[in-house]
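A structural walkthrough
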Amino acid sequence: MTDINLPAVVKEVTEAFTDYERALLVNEMDTLDHYFWDSEHTVRYGVAENLYGAKAIADYRRVCVPVSPGRELYNTVVSTFGEDYATVSTQFRDGETTRVGRQMQTWARIDGRWQVVAAHVSIDLSSLQE
């Protein structure tokens, strides 16, 4: 049976995710690139883009509008499976609008470090009806 939510693994993933989020808020490109698996198999679906491969993700980051420094996360859930796989799901507000965003990431420990292998960011359209 797979060990789910081992405390030490949850702590490691939470720390990686927290640093990723810090880098996102200050638009620290090298750190963001470092957290994504450097592979053509890495996928990131965004609000208005579908990106395949780490290079496409890195290229997109360099031309997109940076995340607002007022972004706030809530309902963040870290789930780990064994010692090498995890998901992080969260909701966010951008600090500028009333829109609610959602973000999910699949993390894997590859070559000894935690990396995002798949990500999805979307806007909760029901939040636009408020």
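The shown structure was predicted, so the numbers you read here are calculated from the model rather than taken from an experiment. (Residues numbered from 1 in each chain as written. Predicted model: local features only at pLDDT ≥ 70, side-chain atom pairs only at ≥ 80, totals over all residues. Heavy atoms only, no water.)

1. Here we look at unusual backbone geometry
Here the phi dihedral of Asn5 falls at roughly 55 degrees; this positive angle occurs in a residue that is not glycine. Relative to the elements of secondary structure, Asn5 occurs in the segment before helix 1 (7–25). In this structure Asn5 comes out as partly exposed when scored by relative accessible area, which is 35%. Of note, Asn75 is a non-glycine position whose phi angle comes to about 55 degrees, a positive value. (Helix = DSSP H or I, 4+ residues; strand = E, 2+ residues; numbered from the N terminus. Buried < 20%, exposed > 50% of the residue type's maximum accessible area, 1.4 Å probe, protein only.)

2. Overview of the pattern of salt bridges
Opposite charge on two side chains makes pairing possible when the charged atoms of those side chains draw close. Under the defined criterion, the tally for this structure stands at 10 salt bridges. Arg71 is the partner of Glu21 in a salt bridge, and the nearest nitrogen-oxygen pair spans 2.7 Å. Here Glu21, found in helix 1, pairs with Arg71, found in the loop between helix 3 (54–61) and strand 3 (72–81); they are 50 residues apart in sequence, far enough to count as distant. Overall, the relative accessible area of 7% leaves Glu21 in the buried class. For Arg71, a relative accessible area of 10% puts it in the buried group. Asp59 is the partner of Lys55 in a salt bridge, and the nearest nitrogen-oxygen pair spans 2.7 Å. (Salt bridge = Lys/Arg side-chain N within 4 Å of Asp/Glu carboxyl O.)

3. Observations regarding the packing of aromatic side chains
Summed over all chains, the structure comprises five aromatic pairs. Where Tyr35 meets Trp107, the ring centres are 5.7 Å apart and the plane angle is 65 degrees; that geometry is what we call edge-to-face. Placement of Tyr35 in helix 2 (residues 29–35) and of Trp107 in strand 5 (residues 100–110) is noted, with a sequence separation of 72 residues between them. No difference in accessibility class separates Tyr35 from Trp107, as the two residues are buried. For the ring pair Tyr45 and Tyr52, a centre distance of 5.9 Å and an interplane angle of 80 degrees mean the geometry is edge-to-face. Overall, Tyr45 belongs to the partly exposed group, its relative accessible area being 31%. The structure contains a cluster of three or more aromatic residues connected by ring pairs, namely Tyr20, Tyr35, Phe36 and Trp107. Here the guanidinium or amino end of Arg71 rests over the ring plane of Phe92, the centre of that ring lying 4.2 Å away. (Phe/Tyr/Trp six-rings, centres within 6.5 Å; stacked < 30°, edge-to-face > 60°. Lys NZ or Arg CZ within 6 Å of the ring centre and 35° of its normal.)

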